[in-house]
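Here is what each chain is made of, one letter per residue.
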Amino acid sequence: MQPTTLVLVLIALSLTAWYCGRARALAVAGGHSRSVRLHSLPGYYGYYAAIWCLLPALALMLLWVTFEPRIVAALVIKGLPEAQRSLSPGELDLLFNTIRNLAAGDTLADHPDAVTNDAVAALREYSSTSRRLLVTFSLALAVTGGVLAWRRIAPDFRARNRVETVILGLLLAASTIAIVTTIGIVLSVFFESIRFFREIPVTEFLFGLNWSPQTAIRADQVASTGSFGTVPLFAGTLLITSIAMLVAVPVGLMTAIFLAEYSSERVRSIAKPLLEILAGIPTVVYGFFAALTMAPAIRHLGESIGLEVASESALAAGVVMGIMIIPLVSSLSDDAINAVPRAMRDGALGLGSTRSETMLHVILPAALPGIIGGVLLAVSRAIGETMIVVMAAGLAANLTANPLEAVTTVTVQIVTLLVGDQEFDSAKTLAAFALGLALFIATLALNIVGLHVVRKYREQYD
Amino acid sequence: MTRRNTQEIVQAGLRRRHRKEAIFRTFGVLATAVGITFLGVFFVSLVGQGASAFRQTFIELDIEYSEEVLAPGGELDLEFADYDALVRNALWREFPDVTDRRERRELSRLVSAAAGFQLRNALIHDPGLLGTRGRVAVPASATVDMLAKGKVDRGLDTAQRPVTDRQFQWVDALAERGRLRINFNAALFANGDSREPELAGIKGALMGSFYMLIVTISISFPLGVAAAIYLEEFAPKSRWADLIEVNINNLAAVPSIVFGLLGLAVFINWLGMPRSAPLVGGLVLALLTLPVIIIASRAAITAVPPSIREAALGIGASRMQVVFHHVVPLALPGMLTGAIIGMSRALGETAPLLMIGMVAFIVDVPGGFSDPATALPVQIFLWADSPERAFAERTSAAIIVLLGFLLLMNLAAIILRKKLGRQW
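Residue positions are given per chain, counting from 1 as you read along its sequence in written order. Chain letters and ligand numbers both follow the written order, the letters beginning at A and the numbers at 1. Whole-chain, interface and lining totals are the exception, using all residues; otherwise, since this is a predicted model, local features are given only for residues with pLDDT of at least 70 and side-chain atom pairs are given and counted only at 80 or more.

**Here we look at the overall build of chain A**
Applicable threshold: Helix and strand assignments follow DSSP, with helices taken as H or I runs no shorter than four residues and strands as E runs no shorter than two, numbered in order from the N terminus. The globule rule used for comparison is 2.2 Å times the number of residues to the exponent 0.38, while the radius of gyration itself is calculated over C-alpha atoms. Once C-beta atoms are placed from the backbone, each residue is buried if 20 or more other C-beta atoms lie within 10 Å of its own, exposed if 12 or fewer, and partly exposed for counts between those two. Think of it this way: build a C-beta for each residue from its backbone, and any pair within 7 Å is a contact.
Regarding its fold elements, chain A presents 17 helices and 2 strands. Taken over the C-alpha trace, chain A has a radius of gyration of 32 Å; the compact-globule value for 462 residues is 23 Å, which it surpasses by more than 25%. Seen through its C-alpha atoms, chain A measures out along the principal axes to roughly 85 × 80 × 35 Å. For chain A, the residues scored as buried account for 40% of the 462 residues in total. For chain A, restricting intrachain contacts to residue pairs at least 6 apart in sequence, the fraction spanning at least 24 positions comes to 74%.

**Side note on the overall build of chain B**
When its secondary structure is counted, chain B shows 17 helices and 3 strands. What you see for chain B is a C-alpha radius of gyration of 31 Å, clearly larger than the 22 Å of a compact globule of 424 residues, by over 25%. For chain B, the C-alpha atoms occupy an extent of roughly 100 × 80 × 40 Å along the three principal directions. Sorting the 424 residues of chain B into buried and exposed places 42% on the buried side. The long-range share in chain B, meaning contacts at least 24 apart out of those at least 6 apart in sequence, stands at 77%.

**Details of the interface of chain A and chain B**
Put simply, the rule reads: Residues are grouped as follows: nonpolar covers Ala, Val, Leu, Ile, Met, Phe, Trp, Tyr, Cys and Pro; charged covers Asp, Glu, Lys and Arg; every other residue, Gly included, is treated as polar.
Listed per partner, the contact involves 70 residues of chain A and 67 residues of chain B. It is helix H7 (residues 177–199) of chain A that provides the largest number of residues to the side of chain A that touches chain B, a total of 10 residues. Here the side of chain A that touches chain B is built from residues that sort into 47 nonpolar, 19 polar and 4 charged.

**Here's the deal with the sheet that holds strand S1 (residues 55–64) of chain B**
The pairing of strands in a sheet comes from backbone hydrogen bonds and takes either a parallel or an antiparallel form. Residue and element names in this part refer to chain B. Where we set the bar: Here, a strand pair is defined by DSSP locating no fewer than two bridges between the strands. Between the N-to-C directions of two axes lies an angle of 0 to 180 degrees, each axis being a line fitted to C-alpha atoms and, for a helix, fitted only over the stretch in contact.
With antiparallel pairing, the 3 strands of this open sheet are ordered in space as S2-S1-S3. The two strands at the open ends of the sheet, each matched to only one other strand, are strand S2 (133–139) and strand S3 (180–184). Across this sheet, the average inter-strand angle for adjacent strands is 40 degrees, counted without regard to direction. Taken together, the 7 bridges between S1 and S2 define a ladder with antiparallel strand orientation. Bridge pairing in S2 places Ile 63 opposite Gly 134. Of the strands in this sheet, S1 and S2 are in contact with helix H3 (residues 83–94), which crosses S1 at around 85 degrees.

**Section: the domain arrangement of chain B**
Short version of the rule: By convention here, the domain bounds are inherited from an automatic or database domain assignment.
Per the domain assignment, the segments making up chain B are domain 1 (2–51), domain 2 (55–185) and domain 3 (203–420). Centre-to-centre, using C-alpha coordinates, domain 1 of chain B lies 59 Å away from domain 2 of chain B.

**Looking at the packing of helix H9 (residues 231–262) of chain A against helix H14 (residues 355–384) of chain A**
The description of two helices packed together rests on the angle between their axes and the distance between the axes. Residue and element names in this part refer to chain A. This is how it is decided: By the definition adopted for this analysis, an angle is roughly parallel if under 35 degrees, roughly antiparallel if over 145, roughly perpendicular if from 65 to 115, and oblique otherwise. Here a crossing is taken to be left-handed if its near helix is turned anticlockwise relative to the far helix by less than a right angle, and right-handed if that turn runs clockwise.
Two numbers describe how H9 lies on H14: the axes approach to 10 Å, and their chain directions differ by 140 degrees. Overall, the two elements H9 and H14 adopt an arrangement that is oblique. Crossing handedness for the pair H9 and H14: right-handed. Across the interface between the two elements, Thr 237, Thr 241, Ala 244, Met 245, Ala 248, Val 249, Leu 253, Ile 257 and Glu 261 from H9 touch Arg 355, Met 359, Ile 371, Val 375, Ala 378, Val 379, Ala 382 and Ile 383 from H14. Per-class residue counts for the contact of H9 with H14 are 13 nonpolar, 2 polar and 2 charged.

**Regarding helix H5 (residues 114–152) of chain A**
All names here are of chain A. Definition in use: Residue count minus one, scaled by 1.5 Å, sets the expected span of a helix.
Taking 1.5 Å per residue as the helical rise, H5 with its 39 residues ought to reach 57 Å, and the 56 Å between its terminal C-alpha atoms agrees with that figure. Considered for burial, the residues of H5 that qualify are Ala 119, Val 120, Leu 123, Ser 138, Leu 141, Ala 142, Gly 145, Gly 146, Ala 149 and Trp 150. The elements touched by buried residues of H5 are helix H1 (3–28), helix H2 (42–79) and helix H4 (89–103).

**A short note on the nonpolar core**
To keep it simple, the criterion reads: Think of a nonpolar core as buried Ala, Val, Leu, Ile, Met, Phe, Trp, Tyr and Cys residues, each tied to the set through C-beta atoms within 7 Å.
Judged by nonpolar contacts, the single largest core of 217 residues is most densely connected at Ala 290, Ala 317, Val 320, Ile 388 and Ala 392 of chain A. Counting residues per element, this core draws most heavily on helix H9 (residues 203–234) of chain B, which supplies 17 residues. Residues in contact with Val 320 of chain A, not counting those within four places in the same chain, are Tyr 286, Phe 289, Ala 290, Met 294, Ile 388 and Ala 392 of chain A. Core analysis: the next-biggest nonpolar cluster, separate from the first, contains 26 residues, Trp 18, Ala 50, Ile 51 and Ala 149 of chain A among them.

**Let's talk about the packing of helix H12 (residues 314–339) of chain A against H14 of chain A**
All names here are of chain A. Interaxial distance between H12 and H14 falls to 8 Å at its minimum, and their mutual angle equals 150 degrees. By the angle between their directions, the pair H12 and H14 is classed as roughly antiparallel. The handedness of the crossing between H12 and H14 is right-handed. Contact with H12, carried on its side by Met 321, Ile 325, Leu 328, Val 329, Leu 332, Ser 333, Asp 335, Ala 336, Ile 337 and Ala 339, involves Ile 363, Ala 367, Gly 370, Ile 371, Gly 374, Val 375, Leu 377, Ala 378, Arg 381 and Ala 382 of H14 and no other residues of that element.

**Structural notes on unusual backbone geometry**
Its identity is not glycine, yet Ser 276 of chain B carries a phi of approximately 60 degrees, on the positive side. Along the chain, the position of Ser 276 of chain B falls in the loop between helix H11 (256–270) and helix H12 (278–303).

**A look at the confidence of the model for chain A**
Where we set the bar: Across the chain, each position has a pLDDT score giving the predictor's confidence in that residue, from 0 to 100.
Of the residues in chain A, 92% have a pLDDT of 70 or more, and the chain-wide mean is 85. Across chain A, H9 of chain A holds the top mean pLDDT of 92, while helix H3 (residues 82–85) of chain A sits lowest at 73.

**Remarks on the environment of Ser 256 of chain B**
Inspection of the secondary structure puts Ser 256 of chain B in helix H11. Note on Ser 256 of chain B: 23 C-beta atoms within 10 Å, which makes it buried. Distance from Ser 256 of chain B to Gly 368 of chain B, taken between C-alpha atoms, is 25 Å for residues 112 residues apart in sequence. If sequence neighbours within four positions are ignored, Ser 256 of chain B has contacts with Thr 386 of chain A together with Leu 288, Glu 349, Ala 351 and Pro 352 of chain B.

**Brief notes about the environment of Thr 386 of chain A**
Looking at the secondary structure, you find Thr 386 of chain A in the loop between H14 and helix H15 (387–392). For Thr 386 of chain A, a count of 28 C-beta atoms within 10 Å translates into the label buried. Distance from Thr 386 of chain A to Thr 283 of chain A, taken between C-alpha atoms, is 8.0 Å for residues 103 residues apart in sequence. Residues in contact with Thr 386 of chain A, not counting those within four places in the same chain, are Thr 411 and Val 415 of chain A together with Ser 256, Ile 257 and Ala 351 of chain B.

**What about the environment of Pro 291 of chain B?**
Here Pro 291 of chain B lies in helix H12. Along the sequence, Pro 291 of chain B and Ala 227 of chain B sit 64 residues apart, while their C-alpha atoms lie 9.8 Å from each other. When neighbours within four sequence positions are excluded, Pro 291 of chain B is seen to be in contact with Ala 178 of chain A together with Ile 248, Leu 251 and Ala 252 of chain B.

This is how it looks when you write it as structure tokens:
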């Protein structure tokens, strides 16, 4: 039985359990005449039976599906002859993959030897046994659970409270998913990074000036041994981020000021949604625009005034990224400006200052912490932005502050290191996770500070 | 004396101050204009580049379904016959004065490689065509397509353009004879990816995105709503609730590529799920959109006035009954709006999908959740990398389709909010 069919059968069983539970509740209550008072509505008795029928069986299934492949693999490998078992882990993985493909009916693999054939048969055997056991156990569990729950149904049984406790538990579990995700991110990036730092010292990673992750595959190759100094990557990231901020902060801030203080209601009602469209355009589209429209335009412009511009200049990527971030900066600034109490504005205007003076001398200083928090969030967004730089920035790690040259960023390198087929254990692949860790820590710090400032500030005038 | 002095001082400064005011205001107008101008430039250039990809050039040829050409050996097998020869012969008949082998090969390149398949399908569908002769519109090759749409600069050097002088003449001759036809490009919506621009379509990518979004919504919506309900209605004010709150806000701002790393490490390496599968992509995007949905759902729940809860509690409902019988139904439009906005974010997301191997060149249209697939934005990324002129056009077309879907989703969200949303 396929897992999906099994789930459907379980759901059907629990529906039956719901019906039987409800029917029994009605029966013990003396049918439709309701001669005995039930503690809960009859439906709750049904739900009680259905929950006991469905949840334990589903939980078993989930555990089973998670751990089964590992256990089966271990059993198959244990059954292999001594010669194969003493292979290196990598070769053993390869062999097991072949076995698995053969067992799945892949006829393209080269002619297997007797040992492999035995292992394939064993794998099929184990898998089908495991499937049978799973079906038997989960169905048995479902029926037992349903029947036990059904037998407990009595007029004074507190079915509603039980059901509500279970639902509350499920809601609580759902709310922890955010924490689980964070832990998952930290752990998955962290462990691979530790493996990376076992091969490459942390100091080289953080302070090395040379980034060229190409490692020699064979010992006799000329290729470098790979150097993993990330300073050029962080410098490139900072360069592009600064260009983006130079575009986004003034434009976003001035837009927010204009829309909040100067524009008529009609202009605002048109301009604001239009600008919000900018925030909804997928980043891959910005990347396409940066690579195919902005970069050539900047290059032509540069050449016409006699400047040498790389075709994948940091400027093009940075400017387009800045445009992408304008709505973020402007909406956060708008929040901050609107949080300044009306009285401060009116006071300044009443003393005879112009609107720009009110803005520059009264409102902006008061709104500054909120704006800075917003800018921090925008910086974090720019650092983590991937598609624009992957498509429009370069691959070569140049250590330069010239915006007309090509630079590379942390996210570009993560993508280049992980796209395509590599073995999973090489320092090159693991380096991507180390970069991911650095990226995560940097953005997390910016986010926490930014969110804290924004929120604290918002409360200040409330 | 003093009063007058003050007035003079103010008067003297006033012009300067008003000039400053005007400059400041101008900056504001300019800043707003920058964003809107960019938007205009962006859409104009996009439509300018992409609109032509929705139409494609066809060449009408007099095809003779002759048995000798299809099966020179004698035995005719409709499945594996030489259909390309039919196309070649038709072209050669069209230009009888071309006899040189090299020129003839050049000539046969005017027609797409798909022409043979088209004839094959036609003949298998209707074997009665055998021995007849008829005019058939077959797709032109990408270079002819570009030429016919006027996207090749004829002034360029021969070495710098993809079309030879002879091909120019032939295409012009075909156009003169009325054999070139520009029709709706059905291949764009009916095919998967291809190395030949004129055959490449977005159906595979669309289906991949579709399967992925199904996985995403069916995981993130129930989980997100449940989490929001717990946090708003049941969670005691405690450190734990604060921790969850901080976590959700942070997750919403974590770079999407980091979610891709999570998916690679957990779903693919640890749980052994298949690479390039919509299932894994959907799971990663579900985690990514979860914060969006939780935040929107919480806002929708908070917007339900307390009086409704109090009334329900007052007539004896339990807290769970209050939530599920009253609060959730009233907050549902807001939750759905949040879900649609989350889905539109998921639809445009590219970076995490690159991490989990959804960038492969996949020709087949995926038929399920674990088939190798790609997604619409990833297809855009792949095509944007292709050097051919014809792919740039198709990239723009794919972007237009993607933006169209996003627009539809956002419109749906707005309409939902307007129709079902309630002001308290």
